[in-house]
Amino acid sequence: MLSDAVPSLRCPVCRGPFGLSGAAPLSLVCVAGHSFDAAKQGYFNLLTGKGTVFEADTAEMVAARDDFLGAGHYAPLAEAIAEEAAPVLSVPGSLVLDSGTGAGHYLRTVLERTPAAAIGIDISKFALRRAARLNPGAVNLVWDIWRPLPIADHSVDAIIVVFAPRNPPEFARVLRPGGRVIVVTPRNGHLGEIAERTGMLNIEPGKEERLTESMQEFFTLADTIHLDVDLKLGGRDIADVAFMGPAGHHLERAALLASTASETSVQATAKFTLSVFIAP
């Protein structure tokens with residue numbers, strides 16, 4: 001339930017605890033009286049001040065991701081994330097944070113497998129509109145991951161980060177001792193069969209090593225899991241998977257759809273790394 005996660009939230013203005021108020025729309029109201037109303041789609045925008053310099057995913061990019069993930073292409077990845085998160089989310093009262101939740105598909109699988117309450121954050125309001133529909137029991141927040149998280153110290157049991165930025169000091173602050181951070185990154189050769197011709201960005205060399213280096217001050221690397229998922233993609237799927245990631249900020253959706261329209265069954269392999277970090 002949404003109310004189960006609210007006690008772990010903190011006001012971005014004064015850091016005081018929140019409570020839920022009202023019925024439709026709901027409001028988050030802190031002890032000092034700062035109030036944030038839910039959007040009609042069910043998410044809350046907690047950003048204050050000058051906003052963010054982070055480039056949010058567009059409505060078209062989010063729609064492409066929602067279509068692709070909704071078709072189940074990355075279901076094995078969602079299952080693997082849920083399996084790694086489950087040991088620390090096995091009891092009622094546990095809490096999972098999905099940092100960069102997007103349209104909420106990976107979080108949905110975690111919530112189907114565990115009794116945990118949930119917070120999903122993303123910078124894109126277009127993503128959160130869909131996430132709030134898919135995971136109405138989660139607290140879905142517009143937030144900038146580079147800012148201090150609006151979450152209480154040591155209140156989260158698991159954090160999942162799928163193709164999204166990371167803030168290790170803040171993750172360490174909000175995670176309980178023994179909690180897990182599960183980070184998913186693409187591996188060299190990810191969708192190599194279609195990447196070059198669709199304009200997808202290359203995987204930077206040393207990506208896993210840099211991830212471990214950035215996290216090692218705060219966490220212990222407990223496991224590294226390489227997961228390959230064989231895919232059979234039609235033209236619309238190819239356009240969607242190319243447009244839904246960072247390259248979508250630079251590609252033309254109509255041109256992608258036109259260039260892949262004749263494709264009917266293309267074999268490709270998605271290559272992921274799941275890095276599991278443990279809080280001391």
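Note that the coordinates shown come from a computational prediction; the quantities given were computed from them, not determined experimentally.

### Considerations on the packing of aromatic side chains
- Tallying each qualifying case throughout the model produces five aromatic pairs.
- With a centroid separation of 5.9 Å and an interplanar angle of 90 degrees, the aromatic rings of F18 and F36 are classed as edge-to-face. Taken as a pair, F18 in strand β1 (residues 18-21) and F36 in strand β3 (residues 35-37) lie far apart in primary sequence, 18 residues in all.
- When its relative accessible area of 8% is taken as the criterion, F18 is described as buried.
- When the centroid spacing of 5.9 Å and the interplanar angle of 35 degrees are considered together, the rings of F163 and F272 count as tilted. Here the residue F163 occupies a position in the loop between β8 (156-162) and α6 (168-174), and F272 occupies one in strand β11 (residues 266-278), the gap between them amounting to 109 residues.
- Among the aromatic side chains, those forming a connected cluster through ring pairs are F68, Y74, F163 and F272.
- Here the guanidinium or amino end of R147 rests over the ring plane of W143, the centre of that ring lying 5.7 Å away.

### Overview of the pairing of strand β9 (residues 175-186)
- In terms of residue burial, β9 counts as a mostly covered element, since nine of its twelve residues are buried.
- For β8 and β9, the ladder comprises six bridges, and the chain directions are parallel. The residue bridging V161 from the neighbouring strand is V183, located in β9.
- In this view, the connection linking β8 to its parallel neighbour β9 by way of α6 has right-handed handedness.

### What about the packing of helix α9 (residues 235-243) against helix α10 (residues 253-260)?
- Packing of α9 against α10 leaves a shortest axis separation of 8 Å and a crossing angle of 145 degrees. Where α9 crosses over α10, the two elements pack in a sense that is right-handed. The residues of α10 that touch α9, namely those facing G235, R236, I238, A239, D240, A242 and F243, are R253, L256, L257 and T260.

### A look at the sheet that holds β1
- If you walk across this open sheet you meet the three strands as β1-β2-β3, and the pairing is antiparallel. On the outer flanks of this sheet lie β1 and β3, each paired with one strand and no other. Neighbour-to-neighbour, the strand axes of the sheet open up by a mean angle of 25 degrees, direction not taken into account.
- As defined by bridge partners, β1 adjoins strand β2 (residues 27-30) across four bridges and the pair is classed as antiparallel. From the neighbouring strand, L20 faces β2, where its bridge partner is L28.

### Quick notes on α9
- Among the nine residues of α9, eight are classified as buried, and the element is accordingly described as predominantly covered.
- Along α9, the residues classified as buried are G235, D237, I238, A239, D240, V241, A242 and F243.
- In this structure, the buried residues of α9 make contact with α2 (59-70), α7 (192-198), β10 (220-233), α10 and β11.

### So, unusual backbone geometry
- Although it is not a glycine, F163 adopts a positive phi angle of roughly 55 degrees.
- Taking relative accessible area as the criterion, F163 reaches 38% and is therefore assigned partly exposed.
- One non-glycine residue, L191, lies in the positive phi region at around 55 degrees.
- Here L191 shows up in the loop between β9 and α7.

Rules behind the numbers
- Residues numbered from 1 in each chain as written.
- Predicted model: local features only at pLDDT ≥ 70, side-chain atom pairs only at ≥ 80, totals over all residues.
- Heavy atoms only, no water.
- Phe/Tyr/Trp six-rings, centres within 6.5 Å; stacked < 30°, edge-to-face > 60°.
- Helix = DSSP H or I, 4+ residues; strand = E, 2+ residues; numbered from the N terminus.
- Buried < 20%, exposed > 50% of the residue type's maximum accessible area, 1.4 Å probe, protein only.
- Lys NZ or Arg CZ within 6 Å of the ring centre and 35° of its normal.
- Pairing = 2+ DSSP bridges.
- Right-handed = clockwise from strand over helix to strand, strands pointing away.
- Axes fitted to C-alpha atoms, helices over the stretch in contact; angles between N-to-C directions.
- Left-handed = near helix turned anticlockwise from the far one by under 90°.
- Contact = heavy atoms within 4.5 Å.

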